[in-house]
Amino acid sequence: MTTKSEIQSLLFLLEDPDPFVKEQVVQRFYSLGEHAVPLIDECRLEANESKSRQIADNMLFELTFPALYADFYELYEGGITEFPHLERALFFLTRFGNPTLRTAVYKQQLDVMAKQLSHDITYALDNVEQMNILLHYVFETEGFHGTKDDLFNAESSYMHKVLETKKGIPLSLSMIVLALAHRLELPFYGVNMPMHFVLLFENDTEVIYIDPFQGGKFLTRKELDTFLLMNNVDPNPTYYKKAGNAMMLIRTMRNLHYSYEQDKDTLRAAKLKLLIDLHEQFYPGM
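Residues numbered from 1 in each chain as written. Predicted model: local features only at pLDDT ≥ 70, side-chain atom pairs only at ≥ 80, totals over all residues. Heavy atoms only, no water.

Visitor: Pulling in residues and values, what's your account of the overall build of the protein chain?
Guide: A tally of regular secondary structure across the protein chain gives 12 helices and six strands. Counting only C-alpha atoms, the protein chain reaches 65 × 45 × 35 Å along its principal axes. For the protein chain, the residues scored as buried account for 48% of the 286 residues in total. Relative to all contacts within the protein chain whose residues are 6 or more apart in sequence, the contacts with residues 24 or more apart total 61%. Carbon and sulfur atoms make up 52% of the accessible area of the protein chain, which totals about 14,700 Å². Positive and negative charge centroids in the protein chain, built from 27 and 40 side chains respectively, lie 2 Å apart. (Helix = DSSP H or I, 4+ residues; strand = E, 2+ residues; numbered from the N terminus. Buried < 20%, exposed > 50% of the residue type's maximum accessible area, 1.4 Å probe, protein only. Contact = heavy atoms within 4.5 Å. Areas by Shrake-Rupley, 256 points an atom, 1.4 Å probe, with all protein chains shown as cover. Lys, Arg positive; Asp, Glu negative; His and termini not counted. Charge placed at Lys NZ, Arg CZ, Asp CG, Glu CD.)

In structure tokens, the structure reads:
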């Protein structure tokens, strides 16, 4: 057992320049394990200085990562075969940003959004009208849009942050559309292009590419080819195939890993690499 007073003292000692002191403090935290998590979280929320908050946040992440890794391992054992598996994994990843985040709130938000759409979707004339209703709702009514800030900010890849701020990168914005489309049983898919990620709407008569970063703008194959050529990539038919759920997950992981490396967050970059390695055990060559 421990007390809040001890946790506060231990967190303060983590700032000590003496590596021996730090090592002893870290060992004490590991001996306390997850029993210390609620108190560390409390201290983190009460911290007045950003450095103190970061120290508490890092320790919190260190102690909760083994459980996060175990959750991912269990998920991989069952397979990332359906969209709900992918969505669950994406919410697992939010614990890199906030180890004690209550993700159920955000899942409920997606449920509510889908319910708001369900009447119009049900009584739409056809699939194409349903597609337009969903896209208008996401990008016009709700105002989701591409981030104008740092594209490599990790927060732009977190599902909960995209739901809160309504801005993200192409992949994370696509995940919002796909989460709603799954709930509404609409034929939207992800397309894992080089340099970009787009959406695909496909039914028996229509094949429509959609750019979530440009507010749901429709794109032709010729426009996509031109984009690739402008980025020194030769167009290839395989680039326009539907992306599997495991593929979309590993791209999200790699985006986050790159973000942490750019931010010099060695702790989270190293832990994310462990998850990427785990993914590659179950999905080699991906």
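Visitor: Please give an account of the packing of helix 4 (residues 50–78) against helix 5 (residues 83–93) that cites residues and values.
Guide: One way to put it is that helix 4 packs onto helix 5 with a least axis distance of 11 Å and a crossing angle of 170°. Considering the angle they form, helix 4 stands roughly antiparallel to helix 5. Counting all contacts with helix 4, which are made through L68, D71, F72 and L75, the residues of helix 5 involved are H85, R88, A89, F92 and L93. Residue composition of the contact of helix 4 with helix 5, grouped by class: six nonpolar, one polar and two charged. (Axes fitted to C-alpha atoms, helices over the stretch in contact; angles between N-to-C directions. Parallel < 35°, antiparallel > 145°, perpendicular 65-115°, else oblique. Nonpolar A, V, L, I, M, F, W, Y, C, P; charged D, E, K, R; others polar.)

Visitor: How would you summarise the pairing of strand 5 (residues 207–211) if you had to cite specific residues and measurements?
Guide: Buried residues dominate strand 5, accounting for four of its five residues. Where strand 4 (residues 198–202) lies against strand 5, four bridges are found, and the strand directions are antiparallel. Residue L199 lies in a different strand from strand 5, and its bridge partner there is I210. Adjacent in sequence and paired antiparallel, strand 4 and strand 5 are bridged by four residues. Pairing geometry for strand 5 and strand 6 (residues 217–219), over three bridges, is antiparallel. (Pairing = 2+ DSSP bridges.)

Visitor: Can you break down the pattern of salt bridges residue by residue, with the values?
Guide: Counted under the stated rule, the structure contains 17 salt bridges. Between R44 and D57 there is a salt bridge, and its shortest N-O distance comes to 2.7 Å. Taken together, the positions of R44 in helix 3 (residues 37–46) and D57 in helix 4 put the pair 13 residues apart, joining distant regions of the chain. D57 sits in the buried class, given a relative accessible area of 10%. Salt-bridge contacts for E280 lead to R254; the nearest nitrogen and oxygen are separated by 3.0 Å. Of this pair, E280 sits in helix 12 (residues 266–282) while R254 sits in helix 11 (residues 245–262), placing them 26 residues apart in sequence. (Salt bridge = Lys/Arg side-chain N within 4 Å of Asp/Glu carboxyl O.)

Visitor: Account for the nonpolar core, with residues named and values stated.
Guide: Judged by nonpolar contacts, the single largest core of 68 residues is most densely connected at F72, L93, F96, F188 and M253. For this core, the element with the most residues is helix 9 (residues 170–184), which contributes 10 residues. When near neighbours in sequence (up to four residues on either side) are disregarded, F72 contacts A89, F92, L93, M253, L275 and L278. Grouped together as the second largest cluster of nonpolar side chains are 17 residues, L10, L11, A36 and I40 included. (Core = buried A, V, L, I, M, F, W, Y, C linked by side-chain atoms within 4.5 Å.)

Visitor: Can you lay out helix 11 for me, pointing to particular residues and giving the numbers?
Guide: For an α-helix, 3.6 residues make a turn, and residues three or four places apart therefore share a direction. Helix length check: helix 11, at 18 residues, gives a terminal C-alpha distance of 26 Å against a target of 26 Å (1.5 Å per residue), a fit within 8%. Listed in full, the buried residues belonging to helix 11 are N245, A246, M248, L249, I250, R251, T252, M253, L256, H257, S259 and Y260. Residues of helix 11 that are buried make contact with helix 4, helix 5, helix 9, strand 3 (188–191) and helix 12. A positive phi of about 60° marks K264, the residue just after helix 11. (Expected span 1.5 Å × (residues − 1).)

Visitor: How would you sum up the packing of aromatic side chains? Please name residues and give values.
Guide: Summed over the entire model, instances satisfying the criterion amount to 13 aromatic pairs. Between F65 and Y69, the ring centres sit 6.1 Å apart and the planes meet at 55°, which makes this aromatic pair tilted. A residue pair is termed a helical-turn pair when its members lie 3 or 4 positions apart in one helix, as F65 and Y69 do in helix 4 at four residues. The class of Y69 is partly exposed, set by a relative accessible area of 26%. Aromatic ring contacts, followed pair by pair, group F72, Y73, Y76, F92, F282 and Y283 into a single cluster. (Phe/Tyr/Trp six-rings, centres within 6.5 Å; stacked < 30°, edge-to-face > 60°.)

Visitor: Describe a nonpolar patch on the surface, listing the residues and the values that go with them.
Guide: Taken together, the side chains of L151, F152 and Y258 define a hydrophobic patch exposed on the protein surface, amounting to about 280 Å² of accessible area. With respect to the secondary-structure elements, F152 resides in the loop between strand 1 (145–146) and helix 8 (159–165). Its relative accessible area of 42% is what places F152 among the partly exposed residues. (Patch = residues over 30% accessible without salt bridge, like charges linked within 9 Å, V, L, I, M, F, W, Y side chains within 5 Å.)

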